[in-house]
Amino acid sequence: QVQLAESGGGLVQAGGSLRLSCAASGRPGTNYAMGWFRQAPGKEREFVAHVSWSGDFTYYSDSVKGRFTISRGVAKNTVFLEMNSLKPEDTAVYYCAAGEYVPSWLYGQQGGYDYWGPGTQVTVSS
């Protein structure tokens, strides 16, 4: 079974930066598109960013565009989320996701992804 594990979460002051990492294990068997979602207390889980299997294409939610950057490592089953200019409203549990095939209309939807990590907490203080 494919497993994902996030790391890099923590407490940061508003305006600061964090870099989240996610690594896949368990023989994915193919190339996977990967993405990040987040869920704040009392809110629905929302899309953050997506990167294609090749790393050539990225897609962001409007709320993070221009502040966050998603990228793949040399090992394509690794994905990063560089978060800059963090705001208190960015506080959430951040989840890594992987999809065997994610069409464009599902980039920002949970149903487009097949595997999920347990999440890592990001807290931004004001």
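Refer to the structure presented above.
Definitions and limits used
- Sequence order as written defines residue numbering, which begins from 1 separately in each chain.
- This being a predicted model, a pLDDT of at least 70 is required before a residue's local features are given, and a value of 80 or more before pairs of side-chain atoms are given or counted; all residues contribute to the totals for chains, interfaces and linings.
- Note that the side-chain values use all heavy atoms of the structure and ignore hydrogens as well as water.
- The helix count covers DSSP runs of H or I at least four residues long, the strand count covers runs of E at least two residues long, and both are numbered beginning at the N terminus.
- Restricting the calculation to C-alpha atoms gives the radius of gyration, and the globule rule supplies 2.2 Å times the number of residues raised to the power 0.38.
- Pairing between two strands requires that DSSP report at least two bridges joining them.
- Between N-to-C directions, angles cover 0 to 180 degrees, with each direction set by a line fitted to C-alpha atoms, over the stretch in contact for helices.
- Salt bridges are counted wherever a side-chain nitrogen of Lys or Arg sits within 4 Å of a carboxyl oxygen of Asp or Glu.
- Think of it in three bands: residues with accessible area under 20% of the maximum for their type are buried, residues over 50% are exposed, and the middle band is partly exposed, with areas taken using a 1.4 Å probe on protein chains only.
- In this description, a nonpolar core means a group of buried Ala, Val, Leu, Ile, Met, Phe, Trp, Tyr and Cys residues linked to one another through side-chain atoms lying within 4.5 Å.
- Contact criterion: two residues are considered in contact whenever any of their non-hydrogen atoms come within 4.5 Å of each other.

K.L.:
Outline the overall build of the chain, listing residues and values.
P.N.:
For the chain, the helix and strand inventory stands at 0 helices and 11 strands. N-terminal to C-terminal, the α/β element order of the chain is β-β-β-β-β-β-β-β-β-β-β. Rg of the C-alpha trace for the chain: 13 Å, near the compact-globule value of 14 Å for 126 residues, within the 12% margin. On the principal axes, the C-alpha backbone points of the chain span a range of 45 × 30 × 25 Å.

K.L.:
I'd like a description of the sheet that holds strand β1 (residues 3–7), backed by residues and values.
P.N.:
Ordered in space as β1-β3-β8-β7, the 4 strands form an open sheet in which the pairing is antiparallel. At either margin of the open sheet sits one strand with a lone partner, and together these are β1 and β7 (68–72). Direction aside, the axes of adjacent strands within the sheet are offset by 15° on average. Alignment of β1 against strand β3 (residues 18–25), held across 5 bridges, turns out to be antiparallel. Bridging across to β3, Gln3 finds its partner in Ser25.

K.L.:
Could you give an account of the pattern of salt bridges, naming the residues involved and the relevant values?
P.N.:
Summed over all chains, the structure comprises 3 salt bridges. Taking the shortest distance from any N to any O, the salt bridge between Glu46 and Arg38 comes out at 2.7 Å. Using a relative accessible area of 4% as the deciding quantity, one classes Arg38 as buried. Across the pair Asp90 and Arg38 runs a salt bridge whose closest N-O atoms are separated by 2.9 Å. Linking Asp90 in the loop between β8 (78–83) and β9 (92–99) with Arg38 in strand β4 (residues 33–39), this pair joins segments that are 52 residues apart in sequence. Comparing Asp90 with Arg38 shows no difference in burial state: the two are buried. Ionic contacts of the salt-bridge type, sharing partners, join the residues Arg38, Glu46, Arg67 and Asp90 into one network.

K.L.:
Just give me the short version of the nonpolar core, but keep the residues and values in it.
P.N.:
By size, the foremost hydrophobic cluster in this structure holds 27 residues, and its most contacted members are Trp36, Leu81, Met83 and Tyr94. Secondary structure elements with two or more residues in this core: β3, β4, β5 (46–51), β7, β8, β9 and β11 (120–125). If you tally residues by element for this core, the top one is β9, at 4 residues. Filtering out sequence-adjacent residues up to four positions away, Leu81 remains in contact with Leu18, Arg19, Leu20, Trp36, Val48, Ala49, Phe68, Thr69, Ile70 and Tyr94.

K.L.:
Requested: an account of the pairing of β4, with residues and values cited.
P.N.:
Of all 7 residues in β4, 6 are buried; the element is thus mostly enclosed. Two elements, β4 and β9, share 7 bridges in a ladder whose sense is antiparallel. Directly across from Phe37, in β9, lies its bridge partner Tyr95. Across 5 bridges, the pairing between β4 and β5 is antiparallel.

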